[in-house]
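Survey of secondary and tertiary structure
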Amino acid sequence: MAEPATVEIAPQATENNLEKVQKLAGRPPWGLRWRSSYWFTTFTVGLGIATDLLVYTIIIPVMPFHLQTLGYSRVSALSGWLLFAYSAGLVLSTIPIAVFSESYSMRRTPLIIGLVILLGSQVMLMEAPIYAVMCIARVLQGVGSSMVWVVGLALLCDVTPEVLIGRQLGIAMGGLSAGTLIGPPVGGALYSHFGYRGPFVFGMASTFLDLIARLLLIERKDALKWGVDPKKANNGATEETHDSERVTIQPSQSADGLQETKNENNDVSEHSKHFDSLQAAETSLSEKPQQKPASLLIVIVRLAKSSRALIAFIITFVYGVVFTSQEPSLPLHLQNVWGLDAGKVGLIFLAAVVPTLFSAPITGWYADKKGSEWVTFICLLLALPWWVVVIIRGPLALFTVAFAVETFFTSGVISPLTAELAAIARELEGVGYAHVYGAFNIAYGIGSAVGPIIGGQVYDNVKHGWTALCLLAAGMLAGSLVLAFYYTGADPLARRLARSLKREK
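In this report, the structure presented in the accompanying data block is examined. (Residues numbered from 1 in each chain as written. Predicted model: local features only at pLDDT ≥ 70, side-chain atom pairs only at ≥ 80, totals over all residues. Heavy atoms only, no water.)

**Digging into the overall build of the protein chain**
Across its full length, the protein chain carries 21 helices and two strands. For the protein chain, the proportion of its 505 residues judged to be buried stands at 50%. Taking the contacts inside the protein chain whose residues are at least 6 apart along the sequence as the reference set, 82% of them involve residues at least 24 apart. A total of about 23700 Å² of accessible surface is found on the protein chain, and carbon and sulfur atoms cover 65% of it. (Helix = DSSP H or I, 4+ residues; strand = E, 2+ residues; numbered from the N terminus. Buried < 20%, exposed > 50% of the residue type's maximum accessible area, 1.4 Å probe, protein only. Contact = heavy atoms within 4.5 Å. Areas by Shrake-Rupley, 256 points an atom, 1.4 Å probe, with all protein chains shown as cover.)

**A closer look at the packing of helix α8 (residues 165-194) against helix α18 (residues 414-427)**
For the pair α8 and α18, interaxial distance at closest approach is 9 Å and the crossing angle is 135 degrees. The angle between α8 and α18 places the two elements in the oblique class. Considering the relative orientation of α8 and α18, their crossing is right-handed. Note on element contacts: α18 touches α8 through I414, S415, T418, A419, A422 and R426, opposite I165, G166, L169, G170 and M173. When the residues that make up the contact of α8 with α18 are grouped by side-chain class, the tally is six nonpolar, four polar and one charged. (Axes fitted to C-alpha atoms, helices over the stretch in contact; angles between N-to-C directions. Parallel < 35°, antiparallel > 145°, perpendicular 65-115°, else oblique. Left-handed = near helix turned anticlockwise from the far one by under 90°. Nonpolar A, V, L, I, M, F, W, Y, C, P; charged D, E, K, R; others polar.)

**Overview of the environment of I391**
Following the sequence through the fold, I391 ends up in the loop between α16 (372-389) and α17 (396-411). Owing to a relative accessible area of 17%, I391 belongs among the buried residues under this scheme. On a C-alpha basis, the gap between I391 and C470 in space is 7.0 Å, while along the polypeptide they are 79 residues apart. When sequence neighbours within four positions are dropped, the list of residues in contact with I391 reads W466, T467, C470 and L471.

**Overview of helix α19 (residues 433-461)**
Given 3.6 residues per turn, any residue in an α-helix points the same way as the ones three and four places further on. Taking 1.5 Å as the rise per residue, α19 with 29 residues should run 42 Å; its terminal C-alpha atoms sit 42 Å apart, in good agreement. By the largest-angle criterion, V450 marks the main kink of α19, which is about 25 degrees, and a proline, P452, follows within four residues. (Expected span 1.5 Å × (residues − 1). Bend = angle between axes of the 7 residues up to and from the residue.)

**Brief notes about the nonpolar core**
Judged by nonpolar contacts, the single largest core of 69 residues is most densely connected at I49, W149, L153 and Y437. Considering each element in turn, this core owes the most residues, ten residues, to helix α7 (residues 131-159). Those residues within four positions of Y437 in sequence are excluded, and the remaining contacts are W149, V150, L153, A154, C157, L169, T418, L421 and A422. Judged by nonpolar contacts, the second largest core, of 19 residues, contains I59, L67, Y131 and F200. (Core = buried A, V, L, I, M, F, W, Y, C linked by side-chain atoms within 4.5 Å.)

**Re the environment of V62**
Relative to the helices and strands, V62 is located in the loop between α3 (38-57) and α4 (63-69). Residue class for V62 comes out buried when judged on its relative accessible area of 0%. Non-local contacts of V62, meaning those with residues more than four positions away in its chain, are made with G187, Y191, Y196 and P199.

**Looking at the pattern of salt bridges**
Scanning the model with the defined rule gives 13 salt bridges in all. Linking E127 and R197 is a salt bridge whose minimum nitrogen-to-oxygen distance equals 2.9 Å. Here E127 is found in helix α6 (residues 108-127), whereas its partner R197 is found in helix α9 (residues 197-216), with 70 residues between them in sequence. Note on E127: relative accessible area 40%, which makes it partly exposed. It is possible to trace a salt-bridge network through shared partners that takes in E373, D491, R496 and R499. (Salt bridge = Lys/Arg side-chain N within 4 Å of Asp/Glu carboxyl O.)

**A closer look at a nonpolar patch on the surface**
On the surface, W81, F84 and I453 cluster together into a nonpolar patch covering about 300 Å² of accessible area. You can see W81 is positioned in helix α5 (residues 75-103). With relative accessibility at 49%, the residue W81 sits in the partly exposed group. (Patch = residues over 30% accessible without salt bridge, like charges linked within 9 Å, V, L, I, M, F, W, Y side chains within 5 Å.)

**Details of unusual backbone geometry**
At H464, a residue that is not glycine, the phi angle is positive and equals roughly 55 degrees. Along the chain, the position of H464 falls in the loop between α19 and α20 (465-487).

**Thoughts on the environment of T44**
Assignment of secondary structure puts T44 in helix α3. Note: C-alpha distance between T44 and V148 (104 residues apart in sequence) is 9.7 Å. Once you skip the residues sitting within four places of it in the chain, T44 turns out to touch D210, A213, R214 and L217. Among the polar contacts made by the side chain of T44, one reaches the main-chain carbonyl oxygen of F40 at a distance of 2.9 Å. (Polar contact = N/O pair within 3.5 Å; in protein donor to acceptor, adjacent residues only side chain to side chain.)

**Examining helix α14 (residues 330-338)**
Those residues of α14 that sit buried are L330, H333 and L334. Axial view of α14: buried residues confined to an arc of 95 degrees, hence all on one face. Following α14 by one or two positions, G339 has its phi on the positive side, about 65 degrees. (Arc of directions from axis to C-beta.)

So, in structure tokens, the structure goes:
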């Protein structure tokens, strides 16, 4: 007579552990896997960046006319100070946001608070009766926008596998180009057809859609509680088959007996696996030792001692200056040389913005493959000659193509720079993603604040102002090229070249 089947159950599947699983488990959130995945996070952060740029740019063609309607003079200067107020709010709020996010390991809540502030600031600006209230609204708008640039990028790095960070950051940065592309033409069209409130209603509707995405988002630390790690390639906790989870039977055992044994063990096995997944989540959390975030002063000192971090911030500052310095001068240059009106100037801007939709994802992907040092150097090198070509007063087609190529390569440095900062955050003890992206936000905010002032002053007060402005930008980019060659990346190109020459000798 055949002996009964022997069933060996893993220690985790004991009755006490089953009760522990049930207490820990509860009911998982709806759509846990896709709501915590790095692809949904990339979409949400990209949408947030696009919304930020749309809200920022949609009023650019509107405010001068509205200020005239309110009876103000010198509206060009007043519009410039409104742009400056936005940058001031962005810069001033960055440090407290970064410190708060890292100190409390919190991402989703600040993102939601930022959108609420952004919505309120749009209502305030839409209904502002005087210029002073407009300035306050723009400062608040900068505060709301800084959330996505600091906390959003940090959240994306939290959930994305390290080998894919450059690509995902590049895709999210596509939102910058999308918002810039949509904002001005939509703002002008809505203002023409529906009046001053039209662009703001559109901006608030876009912000509301962004809010829905942020509300659906689930942070990695919350997903890990359910055994789901979005940072894993399979977007789930590792489930292993334990040797002790096996059923041993004699060959003579009947099929009915085997099925009965399996059924009895089925629930136990499932609970055991879920318990294992919870343990895997805890292990994943402890892959990198959890350290108390460093104080703000220590973070500043550590970033200041890192040549990689300093050079990344300097190049970010240069990017902000050279791009925004063209904004007040380009329309006047196109009008003086080719006699273009506002509508045709807008088309030239579109020709420059469209290529940037592709440059950020491409350079982010390439940074993952070859390293940020290569793609940063290549983009700066290929951008340089086109800043000189746009000086030529030849056919308009030549200027348009040169301007588009210049913008493509110059904007391509942002994705590898953000990937570089993510790598720096992983290396420096006590420094988190929100810290480095906070510093990135400050560098870009200061650059974008002083850029228009430099551009306007140089164009108005220097003979051949456009030529001087383009050569100044080319010089700053050339300096950035040298710095990137010596300091960008874990293994900078200068160090590689030195090793190669040493081997040849």
